[in-house]
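Chain by chain, the residues:
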Amino acid sequence: MVEFKGVSQRFGQQWALHDVSFALNKGEFLFLTGHSGAGKTTLLRLLYGALRLDLGRATVAGFDLTKLKRSQIPELRRRVSVVFQDFKILPNLTAYDNVALALKVRGLPRSQSDRRVRGILRAMGLEDRAYIKSERLSGGEQQRVAIARSMVVNPKLILADEPTGNLDADLTDHLMDIFRQFYTYGTTVIMATHSREVLERVPEARILHLEQGRIVDTASPPTEIELYGGLP
Ligand SMILES: Nc1ncnc2c1ncn2[C@@H]1O[C@H](COP(=O)(O)OP(=O)(O)OP(=O)(O)O)[C@@H](O)[C@H]1O
Ligand SMILES: [Mg+2]
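Every value quoted in this text rests on a predicted model; they were computed, and no experiment measured them.

Cut-offs applied
All residue numbers refer to positions counted from 1 along the written sequence of the respective chain. The lettering of chains begins at A and the numbering of ligands begins at 1, in the order of writing. The model is predicted, so local features are restricted to residues of pLDDT at least 70 and side-chain atom pairs to those at 80 or more, both for listing and for counting; the totals for chains, interfaces and linings are taken over all residues. Side-chain measures were taken over the full set of non-hydrogen atoms in the model, leaving aside hydrogen atoms and water. Segments assigned H or I by DSSP are reported as helices when at least four residues long, segments assigned E as strands when at least two residues long, and all are numbered from the N terminus. The rule for pairing is simple: two strands pair if DSSP sees at least two bridges between them. Only a single heavy atom is needed: when it lies within 4 Å of a molecule or strand, its residue is near that molecule or strand. Between N or O atoms, a polar contact is any pair within 3.5 Å; within protein, one atom must be a potential hydrogen donor and the other a potential acceptor, and residues adjacent in sequence are included only when both atoms are from side chains. All accessible areas in this document rest on Shrake-Rupley with a 1.4 Å probe, and a residue is counted as covered only by the protein chains that are shown. Note that Gly is not counted as nonpolar here; it falls among the polar residues with everything else outside the nonpolar set of Ala, Val, Leu, Ile, Met, Phe, Trp, Tyr, Cys and Pro and the charged set of Asp, Glu, Lys and Arg. What counts as a ring pair is set by centres within 6.5 Å for rings of Phe, Tyr and Trp (its six-membered ring), and what kind of pair is set by the plane angle: stacked under 30 degrees, edge-to-face over 60, tilted for all other angles. Residue contacts follow a heavy-atom distance rule, with two residues in contact if any of their heavy atoms lie within 4.5 Å. Orientation is described by lines fitted to C-alpha atoms, with helices fitted over the stretch in contact, and by angles between N-to-C directions that extend from 0 to 180 degrees.

(A) Region of the structure containing unusual backbone geometry. Here the phi dihedral of Asp19 falls at roughly 50°; this positive angle occurs in a residue that is not glycine. Relative to the assigned elements, Asp19 resides in strand 2 (residues 14-24).

This is the structure in structure tokens:
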């Protein structure tokens, strides 16, 4: 599903990723951990074509990122769905319409999308909030709308950047159950997180630990210091 070989990425003089190599099979769950600034978001952005690959080789969901043309990005994003750190939902649309839009732009008529939209809103505990304008939802509710929107399209690969950042413990549990459900049905998941609780929710997941843009040994689980060190 994903293969990186010697990938390096820089912003100006600074290398955000340095010689990163890893492979991920279809249906695997991978956590990205590491201090703030370690390169987690940069790695995820490469995977959905938001950054052009500087150096090295990479493939994702059948696309060669080295040769990715701008015109192929919509096709890539049909297979790869993203849950952003700063979730971007449309504030003046309802939760329902935000989620339905993801299917509409992929050409699915409303008659076919309605059941899926309502199903995912129910799974996210948003059925009572479905027809309220999103700007009037709480931060955690808005985040769940964003997650519902990413998941409703049944992507092959879900990329999630700190998806539980705004959620309390109960909602985090609930959300991780939903990610696990997708993963159980064969969706590949890559999730960046600082949270030990989140890591512990998927004990069988692989962990890729980044330090200053490099992969460090991932044989043993990261210590508390490695997870939280450097953060306020
Ligand atoms: N658009 C950009 N322009 C310049 N530098 C950038 C840009 N995006 C990221 N960087 C730099 O690249 C490095 C890696 O950033 P990245 O956002 O990938 O870290 P991160 O691991 O996601 O951190 P966090 O846990 O805080 O989200 C950082 O030093 C950051 O300052
Ligand atoms: Mg980040």
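(B) Highlighting the pairing of strand 4 (residues 55-60). As paired strands, strand 1 (residues 2-11) and strand 4 are joined by five bridges and run antiparallel to one another. The partner of Val2 across the bridge, within strand 4, is Val60. Linking two consecutive strands that pair antiparallel, namely strand 4 and strand 5 (residues 63-64), is a turn of two residues; a positive phi of about 45° is found at Ala61 within it.

(C) Representation of the site of ligand 1 in the model. Around ligand 1 sit 13 residues in total, of which Ser36, Gly37, Lys40, Thr41 and Thr42 are the nearest. Contacts to ligand 1 include Gly37, whose backbone N or O atom sits 2.7 Å from an oxygen atom. The separation between an oxygen atom of ligand 1 and a polar main-chain atom of Gly39 is 3.0 Å. Relative to its free-state accessible area of 630 Å², ligand 1 is covered by the protein chains to the extent of 65%. Of all the elements in the fold, those that place two or more residues in the shell around ligand 1 are strand 2 and helix 1 (40-47). With three residues, the single largest contributor to the shell around ligand 1 is helix 1. Looking at the shell around ligand 1, its residues break down into three nonpolar, nine polar and one charged.

(D) Expanded view of the packing of aromatic side chains. The final tally for this structure, using the stated rule, is four aromatic pairs. Ring geometry for Phe29 against Phe31: centres 5.0 Å apart, planes inclined by 55°, an arrangement best described as tilted. Here the aromatic residues Phe29, Phe31 and Tyr183 are joined through ring pairs into a cluster of three or more.

(E) Expanded view of the sheet that holds strand 2. If you walk across this open sheet you meet the four strands as 2-1-4-5, and the pairing is antiparallel. Each of the sheet's edge strands pairs with one partner strand only, and the pair in question is strand 2 and strand 5. As judged from the seven bridges shared by strand 1 and strand 2, these two strands associate in the antiparallel manner. Following the sheet pairing, Val7 is matched in strand 2 by Val20. Helix 1 rests against strand 1, strand 2 and strand 4 of the sheet, and its axis sits at about 120° to strand 1.

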